[in-house]
Amino acid sequence: QAQLVESGGGLVQTGGSLRLSCAASGSIFSRNVMLWYRQAPGKQRDVVASITTLGGAKYVDSVKGRFTISRDSAKNTVYLQMNSLKPEDTAVYYCAAGIQYAGSVIVPTSWGQGTQVTVSS
């Protein structure tokens, strides 16, 4: 039974916008940090943004000012609003739930299936 289900990926031109959604089971959503990762072809999977249960958000430098992560507790859903998209944002985007440890270390424990985002130049 899938616990994290992403949607919202697609093809967009440079400068365009997309909003990714990740629907989570209630038990996962209420207790975990939620994250978005991405993996481009031939590259490792890297974290893009994270949001704590209290709404504290962090971003990788390359998306600051362009991407916004948010969570809706009523819908058990986390979003990634992506604006001013660039070709280098092209990747498979994965939603994850993780546990935060001391030192701000977050270990993902559950993954979605991924959704493709393609930005054409």
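Now for a look at the structure at hand. Residue indices follow the written sequence of each chain, beginning from 1 at its first position. Local features are withheld for residues below a pLDDT of 70 in this predicted model, meaning they are given only at 70 or higher, and side-chain atom pairs are given and counted only at 80 or more; totals for whole chains, interfaces and linings count all residues. No hydrogens and no water enter the side-chain calculation; it runs on all heavy atoms of the structure.

Some details on the sheet that holds strand S8 (residues 77-82)
Backbone hydrogen bonds hold the strands of a sheet together, and the pairing may be parallel or antiparallel.
Thinking step 1. Taken together, four strands build an open sheet; the order of strands is S1-S3-S8-S7 and the sheet is antiparallel. Of all the strands in the sheet, the pair left with one neighbour each is strand S1 (4-7) and strand S7 (67-72). Pairs of neighbouring strands in the sheet enclose a mean axial angle of 15 degrees, with direction left out of account.
Thinking step 2. Only strands that DSSP links by at least two bridges are regarded as paired with each other. Segments assigned H or I by DSSP are reported as helices when at least four residues long, segments assigned E as strands when at least two residues long, and all are numbered from the N terminus. Examined bridge by bridge, S1 and strand S3 (residues 18-24) share four bridges and lie antiparallel to one another. Residue pairing in the sheet places Leu 4 in a bridge with Ala 24 of S3. Think of each axis as a best-fit line through the C-alpha atoms, taken over the contacting stretch in the case of a helix, with angles from 0 to 180 degrees between the N-to-C directions.

Here we look at the layout of surface pockets
Thinking step 1. As a volume, the largest pocket reaches approximately 230 Å³.
Thinking step 2. With a 1 Å grid spanning the protein atoms alone, the term cavity applies to any set of points in which a 1.4 Å probe fits but cannot get out, the term pocket to an open set with protein on both sides within 12 Å along at least five of seven lines, and the term lining residue to any residue with an atom within 4 Å of a point. Lining of the largest pocket is provided by 16 residues; of these, Leu 35, Val 47, Ser 50, Lys 58 and Ile 106 occupy positions nearest its centre.
Thinking step 3. Elements represented by at least two residues in the lining of the largest pocket include exactly strand S4 (33-39), strand S5 (46-51) and strand S6 (57-59).
Thinking step 4. Top element by residues in the lining of the largest pocket is S5. It accounts for five residues.
Thinking step 5. When grouped by side-chain class, the residues that make up the lining of the largest pocket number 10 nonpolar, five polar and one charged. Grid points are joined across faces, edges and corners, and a volume is the space filled by probe spheres set on the points. As a working rule, the residues Ala, Val, Leu, Ile, Met, Phe, Trp, Tyr, Cys and Pro are called nonpolar, Asp, Glu, Lys and Arg charged, and the rest polar, with Gly in that last group.

As for the nonpolar core
Thinking step 1. The biggest cluster of nonpolar side chains holds 26 residues, and the ones touching the most others in it are Met 34, Trp 36, Val 78, Leu 80, Met 82 and Tyr 93.
Thinking step 2. Ranked by size, the runner-up nonpolar core spans five residues in total, among them Val 33, Leu 35, Tyr 94 and Ala 96. Take the buried Ala, Val, Leu, Ile, Met, Phe, Trp, Tyr and Cys residues and link them wherever side-chain atoms come within 4.5 Å; each set so joined is a nonpolar core. Summary of the burial criterion: residues with accessible area below 20% of their type's maximum are buried, those above 50% are exposed, and those between are partly exposed, where the area comes from a 1.4 Å probe applied to protein chains only.

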